[in-house]
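Structural features, examined
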Amino acid sequence: MNIPIAKPFLGREEEQAAVSAIRSGWISQGPKVKEFEDRFAEYTGSKYAVATTSCTSALHAALAVSGIGPGDEVIVPSLSFIATANSVLHAGATPVFAEIDPETCNVTAGTIESAISAKTKSVMPVHQMGLPVDLDPIMDLCKKRGLLLIEDAACAVGSEYRGKRIGGHGNIACFSFHPRKIITTGEGGMVTTNDPDIAARIKRFRHHGMSISDMERHNTNKVIIETYPDIGYNYRMTDIQAAIGIEQLNRLQFIIEKRRHVAEFYDKELNDFSCVRVPRVPAYAYHNYQSYWIELLDSSPISRNVLMQKLLEKGIATRRGIMAIHMEECYQKYKVSLPETERITENTILLPLYPSMTEEDPAYVMQSIKEFLQ
Ligand SMILES: Cc1ncc(COP(=O)(O)O)c(C=O)c1O
């Protein structure tokens, strides 16, 4: 048996789409990016979608075009991939770490409120591992305190909050298409928003601050001399990536259903084990299970790292649970104590979960884990 932690779900359609984009003669940001953006906006129920090179660049762009920079604070969870906090630093602002609710591994309105100061300009909750945060109280808090809500939805494509897909709730949401995510374009990201001004500014920001896109200039028979009203970056997705992304969107429902099926099996198998805790999904959420974690409790007969090693020896790849950013060397000057975050990061494991798992794969994972937990 050789079971990886994740596997992108790509097939002939993606292959052909990439070939067609190459043969079209337009491989940088062009008509396929526009089509992918339109499809993504429609899927998430948001008015605008703007494709980028990654979720990190999407988050950076979202902060920068919103005027968040030096002297401003942005509230983020520490229990997240490091890019969440890095993007705040890329914008020149300061990340302030909020505690999580250990039941969901997500920040809450309460933990965010405790981190607000006079310098807070924005709140950046993460729908960690695809499980939506409880958005309503966070949106109320942001409205009351005049804060911009930017959702780090890197893992949350297709997840729902109170029956509505993630992407159309806060001011801005940013998604990732890295191969460990629900759908992939190799690397890639997307911003969604209902604000036309934000969408227009992000389009310029990703294109060196230029006043017009290459495609618009190409499609007109009038000479256009571009201008550069703002400083920007090259955060453009290519048409080859977008062509793959469109095919991935066609598979999205199937991918999520498969993931939920495996997660349900893991839940059922592990429920009776008093030494582990499995994810709890609140009634407001529809979970895409971008990742599936378990927490080893004090009564576990085996430590987290030893269990990971033993599973690896049986051909099962796992990963440590989500990192705690404030514990990493490059964030040590941010002296905070976040006991729940620290406990969760040290005692959790991510289990293999991907749509092409056969029925035997998750069964083998469970059989092996139970062997070590008994
Ligand atoms: C919560 C979170 N935010 C941001 C990112 C960064 O995404 P990308 O690799 O597309 O820049 C990730 C990726 O792992 C993530 O999990």
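Look up: the structure comes first, before these words.
Report follows, based on the coordinates. All residue numbers here refer to positions counted from 1 along the written sequence of the relevant chain. Local features are withheld for residues below a pLDDT of 70 in this predicted model, meaning they are given only at 70 or higher, and side-chain atom pairs are given and counted only at 80 or more; totals for whole chains, interfaces and linings count all residues. For the side-chain quantities, the full set of heavy atoms in the structure was used; hydrogens and water were omitted.

**A short note on the sheet that holds strand S13 (residues 319–320)**
What counts is decided by this rule: Note on pairing: DSSP must find at least two bridges between two strands before they are called paired. Each helix is a run of H or I in the DSSP string that is no shorter than four residues. Each strand is a run of E no shorter than two, and both are numbered from the N terminus. Only heavy atoms enter the contact rule, under which two residues are in contact if any of them lie within 4.5 Å. To obtain an axis, a line is fitted to C-alpha atoms, over the contacting stretch when the element is a helix, and the angle between two such axes runs from 0 to 180 degrees between their N-to-C directions.
Taken together, 4 strands build an open sheet; the order of strands is S10-S12-S14-S13 and the sheet is antiparallel. Where the open sheet ends on each side, the last strands, each with one partner, are strand S10 (276–277) and S13. When S10 meets strand S12 (residues 292–296), the two strands line up antiparallel, connected through 2 bridges. When the bridges of S12 are listed, Val276 appears paired with Leu296. Packed onto the sheet, helix H9 (residues 239–270) meets S10, S12 and strand S14 (348–351) and runs at close to 20° relative to S12. Of the strands in this sheet, S12, S13 and S14 are in contact with helix H10 (residues 304–313), which crosses S14 at around 25°.

**A few points about the packing of helix H3 (residues 55–65) against helix H4 (residues 83–90)**
Packed helices, taken two at a time, are described by the angle their axes make and the gap between the axes. Our working definition: For this classification, under 35 degrees means roughly parallel, over 145 means roughly antiparallel, 65 to 115 means roughly perpendicular, and everything else is oblique. For any pair of crossing helices, the crossing counts as left-handed if the nearer helix is rotated counterclockwise from the farther one by less than a right angle, and right-handed if it is rotated clockwise. Charged means Asp, Glu, Lys or Arg here, nonpolar means Ala, Val, Leu, Ile, Met, Phe, Trp, Tyr, Cys or Pro, and polar covers whatever is left, Gly included.
Remark: H3 packs on H4, axes separated minimally by 8 Å, with the N-to-C direction vectors making an angle of 40°. Our classification of the angle between H3 and H4 gives oblique. Crossing angle aside, the handedness with which H3 passes H4 is right-handed. Residues Thr56, Leu59, His60 and Leu63 of H3 touch H4, and the partners they reach there are Ala83, Thr84, Ser87, Val88 and His90. Its residues assigned to classes, the contact of H3 with H4 shows 4 nonpolar, 5 polar and no charged.

**As for the site of the ligand**
Short version of the rule: Any residue with at least one heavy atom within 4 Å of a molecule or strand is counted as near it. Pairing of N or O atoms within 3.5 Å defines a polar contact, subject to two protein rules: one partner must be a possible hydrogen donor and the other a possible acceptor, and residues neighboring in sequence count only if both atoms are side-chain atoms.
Lining the immediate surroundings of the ligand are 14 residues, of which Cys55, Thr56, Asp152, Ser176 and Lys181 lie closest. Here an oxygen atom of the ligand and a side-chain polar atom of Ser176 are 2.7 Å apart. Where the shell around the ligand is concerned, the elements lending two or more residues are H3 and H4.

**A look at the pairing of S12**
The test is simple: For the exposure calls, accessible area comes from a 1.4 Å probe over protein chains only, and a residue counts as buried if that area is under 20% of its type's maximum, exposed if over 50%, partly exposed in between.
Within S12, 5 of the 5 residues are buried, leaving the element largely enclosed by the surrounding structure. Burial along S12 is two-sided: Tyr292, Ile294 and Leu296 facing one way and Trp293 and Glu295 facing the other are all buried. In this structure, S12 lies alongside S14, joined through 4 bridges in antiparallel fashion. Of the residues in S14, the one forming a bridge with Trp293 is Leu350.

**Remarks on the packing of aromatic side chains**
Stated precisely, the cut-off is as follows: Here is the rule: rings of Phe, Tyr and Trp (six-membered ring for Trp) pair when centre to centre is within 6.5 Å. Planes less than 30 degrees apart are stacked, more than 60 are edge-to-face, and the remainder are tilted. We call a charge positioned over a ring when the NZ of a Lys or the CZ of an Arg lies within 6 Å of the ring centre and within 35 degrees of the ring normal.
As enumerated under the stated definition, the model contains 15 aromatic pairs in all. Taking 6.4 Å as the distance between ring centres and 45° as the angle between the ring planes, the aromatic pair formed by Phe265 and Tyr266 counts as tilted. With a relative accessible area of 24%, Phe265 lands in the partly exposed category. On the basis of relative accessible area, Tyr266 is assigned to the buried category, the value being 0%. Taken together, the ring pairs connect Phe36, Phe40, Phe175 and Phe177 into an aromatic cluster. The residue whose ring lies beneath Arg165 is Tyr43, and the NZ or CZ to ring-centre distance is 3.9 Å.

**Looking at helix H1 (residues 12–24)**
Put simply, the test is: The span one expects for a helix is its residue count, reduced by one, times 1.5 Å. Here the arc refers to the set of directions running from the helix axis out to each C-beta atom.
For H1, spanning 13 residues, the distance from its first C-alpha to its last is 18 Å, which sits close to the expected 18 Å at 1.5 Å a residue. Buried within H1 we find Glu14, Ala17, Ala18 and Ala21. Considered in projection along H1, the buried side chains sweep an arc of 100° and stay on one side of the axis. What points out from H1, more than 90 degrees from its buried face, is the exposed set Arg12 and Arg23.

**Quick word on helix H12 (residues 360–373)**
Counted at 1.5 Å a residue, the expected span for H12 with its 14 residues is 20 Å, and the 20 Å between its end C-alpha atoms agrees. Those residues of H12 lying buried are Asp361, Pro362, Tyr364, Val365, Met366, Ser368, Ile369, Phe372 and Leu373. Contact partners of the buried residues in H12: H9, S10, S12, H10 and S14.

**A short note on the state of the cysteines**
For clarity, the threshold we go by: Working definition: a disulfide is two cysteine sulfur atoms within 2.5 Å of each other.
Applying the stated criterion across every chain, the model contains 0 disulfides. Free cysteine: Cys330, not disulfide-bonded; nearest cysteine sulfur from Cys55 at 18 Å. A residue is classified by how much of its surface remains accessible, and Cys330, at 56% relative accessible area, is exposed.

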